[in-house]
Each structure stands twice: as C-alpha cells, then as structure tokens.
Amino acid sequence: MTALSVRQVRFRYLTLYGLRWLPAGLTIPVMILLMQERGLSLSQIGLVATAQGLVVLALELPTGGFADALGRKPVLITAWVVCLASLTLFAVADSFWLFALVWALQGIYRALDSGPLESWYVDATLAADPKAEYERGLGWAGTVAGIAIGAGALLGGGLVALGPIGPVSALTLPVLVAIALQVAALVVLTVLLVEERPAKGRAALRNSVVEAPRMVGQAFGLLRRNRVLFALVAVELFWGFGMVTFESLLPVRLAEVVGGADRAAALLGPAGSAAWLANAAGAALTPLLLRRLGAAPAAALMRVLQGGTVVGMGLLAGPVGVLIAYLACYTVHGASNPLHMGLLHRQVDGPYRTSVLSLNSMMGQPAGALGAVVLTAVADRASVGTAMLVGAVVLALAAPLYLPAWRANRAAATVAGAPAGSGPDPAEAAGATPVVATGPEGSLAGPAPVPAADAGTRSA
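Residues numbered from 1 in each chain as written. Predicted model: local features only at pLDDT ≥ 70, side-chain atom pairs only at ≥ 80, totals over all residues. Heavy atoms only, no water.

(A) Seen up close, the overall build of the chain. On a plain count of helices and strands, the chain comes out with 19 helices and zero strands. Total accessible area on the chain stands at roughly 17,400 Å², and carbon and sulfur atoms take up 70% of it. (Helix = DSSP H or I, 4+ residues; strand = E, 2+ residues; numbered from the N terminus. Areas by Shrake-Rupley, 256 points an atom, 1.4 Å probe, with all protein chains shown as cover.)

(B) Geometry of the packing of aromatic side chains. Within this structure, the stated rule accounts for seven aromatic pairs. Centroid distance Phe90 to Phe99: 5.8 Å. Interplanar angle 70°. Geometry classified as edge-to-face. Like Phe90, the residue Phe99 is buried in the burial classification. Ring plane angle 80° and centroid distance 5.5 Å describe the contact between Phe246 and Tyr330, whose orientation is recorded as edge-to-face. With Phe246 in helix α11 (residues 244–258) and Tyr330 in helix α15 (residues 319–345), the pair connects residues that are 84 residues apart, well separated along the chain. Both residues of the pair, Phe246 and Tyr330, belong to the buried class. Here the aromatic cluster, defined as three or more aromatic residues joined through ring pairs, consists of Tyr13, Tyr17, Trp21 and Tyr121. (Phe/Tyr/Trp six-rings, centres within 6.5 Å; stacked < 30°, edge-to-face > 60°. Buried < 20%, exposed > 50% of the residue type's maximum accessible area, 1.4 Å probe, protein only.)

(C) Main features of the pattern of salt bridges. A full pass over the atoms with the stated rule returns three salt bridges. The partner of Arg20 in a salt bridge is Asp113, and the shortest N-O contact between them spans 2.2 Å. Here the residue Arg20 occupies a position in helix α1 (residues 6–27), and Asp113 occupies one in helix α5 (residues 96–113), the gap between them amounting to 93 residues. Residue class for Asp113 comes out buried when judged on its relative accessible area of 3%. One salt bridge in this structure joins Glu256 and Arg253, with 3.2 Å as the shortest N-O distance. Within this pair, Glu256 and its partner Arg253 are both found in helix α11, separated by three residues, close to a single helical turn. Overall, Glu256 belongs to the partly exposed group, its relative accessible area being 44%. (Salt bridge = Lys/Arg side-chain N within 4 Å of Asp/Glu carboxyl O.)

(D) Layout of the confidence of the model for the chain. Mean pLDDT over the chain works out to 78, with 77% of the residues at or above the 70 mark. By mean pLDDT, helix α19 (residues 426–430) is the weakest element of the chain at 38, and helix α8 (residues 173–192) is the strongest at 94. Per-residue pLDDT stays below 50 along residues 419–460; that stretch engages in 161 contacts with residues further than four places along the chain or on separate chains. (pLDDT = per-residue confidence, 0-100. Contact = heavy atoms within 4.5 Å.)

(E) Region of interest: the environment of Tyr109. With respect to the helices and strands, Tyr109 occurs in helix α5. Under the relative-accessibility criterion, Tyr109 is labelled buried at 3%. Along the primary structure Tyr109 and Thr78 are separated by 31 residues, whereas in three dimensions their C-alpha atoms are 8.1 Å apart.

(F) Here's a closer look at the packing of α11 against α15. With their axes 9 Å apart at the nearest point, α11 and α15 run at an angle of 165° to one another. Classified by the interaxial angle, the pair formed by α11 and α15 is roughly antiparallel. The handedness of the crossing between α11 and α15 comes out as left-handed. Counted together, Phe246, Glu247, Leu250, Arg253, Leu254, Val257 and Val258 of α11 and Pro319, Val322, Leu323, Tyr326, Cys329, Tyr330 and His333 of α15 form the full contact between these two elements. Of the residues in the contact of α11 with α15, the class split is eleven nonpolar, one polar and two charged. (Axes fitted to C-alpha atoms, helices over the stretch in contact; angles between N-to-C directions. Parallel < 35°, antiparallel > 145°, perpendicular 65-115°, else oblique. Left-handed = near helix turned anticlockwise from the far one by under 90°. Nonpolar A, V, L, I, M, F, W, Y, C, P; charged D, E, K, R; others polar.)

(G) Representation of the packing of helix α14 (residues 295–315) against α15. It is at 8 Å that the axes of α14 and α15 come closest, and there the two elements cross at 160°. With respect to each other, α14 and α15 are oriented roughly antiparallel. By crossing handedness, the relation of α14 to α15 is classed as left-handed. From α14, Ala295, Ala296, Ala298, Ala299, Met302, Arg303, Leu305, Gln306, Thr309, Val310, Gly312 and Met313 reach across to α15, where they touch Val322, Ala325, Tyr326, Ala328, Cys329, Val332, His333, Ala335, Ser336, Leu339 and Leu343. Its residues assigned to classes, the contact of α14 with α15 shows 17 nonpolar, five polar and one charged.

The following block contains the structure:
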C-alpha cells in the first residue's frame, strides 16, 4: 500500500494523533464556562450537547463504510475541516441554536474521524511488514493522546490567566489558539498521510456513496460469521455502561467525601489533568502486557482490574482514597484500549476495517445512555456508592468475552508450531498471526471532544 517503513508509518501516525487531540485539550477546560458566559444555562447546555450524540449515532456506520470505499485520507481531511468549522463557529456563537449547530458539526466530525486514521496506520504497517506488531503503536497513541490533551489543558489554563486581550474574553483565547492549531494539523495531515486510494475522481465519489452501504452490510455480515469479532464488539456494551461510573458519578462521589460541590470542583481540576497522564502511562504499559501475558488475557485482566478500581471509588471513605482509585482507574483504562483495539484489528481484513471500528464504537453510545439512566436511578434511590458497585460488576463481566479471541490465537499459534503451554501466547505477544475474517473481498465533550471513542474515555 505504501513505500513507507514500519517506523515511518508509526512516526506519522503518532504525530497526526497528537495533533488531532491537542486542540481538544485547549477547549475542554473552557467549553462549559464559555457557553455559560454567552448566556446558556446548564440545562440548555445539556440540550445542545444531545445534538452531537444523535448525529454520531446516525452517521457512525455510514461514514465508516464511506472511508473504506473511498479512502481514509479524503474522509479524514473532510473530518478535520468540519472540526475547524465547528471551532470557528464556537468562537463566535452566542445563542442556543448556534451552539446546537456547533455540537451537530462536532457530531459529523466525530463520525467521520472515528476509525480512518487508525485503520490507515494498521493497513500501512501490515503493508510494510505483514508480521509487524502494530499493537505497540496503538499503545503509544494512547500515551501521545494523554500527553497532548494534558499539554493543551495546561496551555489553555495559561491563556485564560493571561486574558482578556482587547475585545477577546479570557475564555475565548484558548478557542482561537485551538483554531490555529487545527489549521496547522490539516496542513500536516495532507503531507504525512499517504495511501493508495481504492478510487479517485468524481466518479469514485459517486461509486463510494453507493458502495458505503454494502461495506456496512458486509461488516455486519462479518460480525455474524465471526464469533470472536462478535464477542469483542459485545465488550463495548459492558464497557460503555460501566464507564458512567468514572465519567459521570465520580464528581458526585467526590462531593460526598469532601463535604461539598465547590471543594470537589477545586480538586477535580488537577485530578483531571493527572488522570490523563495516568491514562498515558497505562497506554505505555501495552508492550509489557503483550510480552508478559498476551493480548487477550491482558485485556480480560484489565476489565477485572478496572471493576476493582471502581469498587475503590465507591467504597473508600476519604478524598485521598477516592482520587487514588480514580487515577488507578484511568491507568487501567489507558492500557485497556490499545489491547482491545489490537484484538479487534486482528479479526478484520482491510476493506472493512473502518466499518467494523465504527460498529465497535457505535455500540458504546446506547450502552452509555442506558448506564446513565440506570446508574443515576440507583444513585438516587440507594446511594452513589451502590451505583458504582453495580457499574463495577458490569465492567468486570466483560472479561469472559475475551476468551474466544484467546482460544483463537492459541489455536493459530499451535498450528504454526508454537508451544501451546502456559505463559503468553507467542502469536499474541508478537502480533505475528493475524486472524483474518472470511468472506468476500471496524461524556460531554464539546468542541474538539474528549477522545471518547479513541484515546481515553471511550474506545474508538
């Protein structure tokens, strides 16, 4: 697919991945405050935010098929242009409907952006070396994303402290810098990402629109035929449900143990930055986990460990204990995502890769909504701690769903002549035996959203 070496592909992927999330780090600390400054109430902010979720749910699968049919680069360029438009509108929006349009544009961006860059990285890596261990790069991507978001948040905080500058309010300054960074990222994307597209020209665009539904249909067909892939995608249902505990309930739990929402908010600022660094550190552990345990056993262990950290958040009495459990949860989360995505990629061949990634990502949307309804109801009727225990159990229940992938990789290693005894599976640890599916030739985030499906809070 490309003349690039494995090292060059990884460098370009990580560079683009960091540029992708740096603007998000700038806008995350100010997005709610800026909308309030422009006159929106918290209930109105909640309403406009639903535009993103609805658009993502509607477009996630069609855009994944579109990327597989037309090519990853044109879809990514379109996505980043849409993100630039949403950031520009966000800088000047001053009404409910304009902010609703901002969030709708972000939904289009997220749907287009979900999967193509990662799919390009995996396909380009395998084209350079069919036996390459691309899971290592996926793990480093999580580290890069955590560092980029943390750095952006620190820069955004500094800009707020410097402002206002003339007619520009302090809260608007980080958005303007994010716009400039998004322009730079677009330029770098056009230079660094090279691919042999399936087709080009106006006719190719028409054909890709026709072809996209077929790609989506074949992705669903792949899911029906491949029990390993089906189990991996099902993990997202448990994961999306359980993530409500540390994305939404943690602030309420912290307010309980510190004795007030104001004190909790003061702690959550630095704790949130530390959590992203912990997420990056967890992602950096991926190569070690692959060597020691293998991908599927390590991924299953992470599900159980994450459930344990949520139990700690729900049961520990003081703020120190709750925050330590919170940081541990994000460390485990950072390690879980690249392990899960690596296993997912092993079950998909190139033509349907982005469609399956979109399908995997889409599963988390209804699961997260259900988790928000159920767990908040439990919190109201019983306690926040009880709701967290329920979420922890659901997170841990996903662990057995990695067994089919583990058995499949052990079987592949045995056929290849590798030892099938105890210890990490050589096929998993080295990433040397892809299992290709049969068939004809996969929170309130605001503008430049938190990497929900991709780098941090949600798998991508």
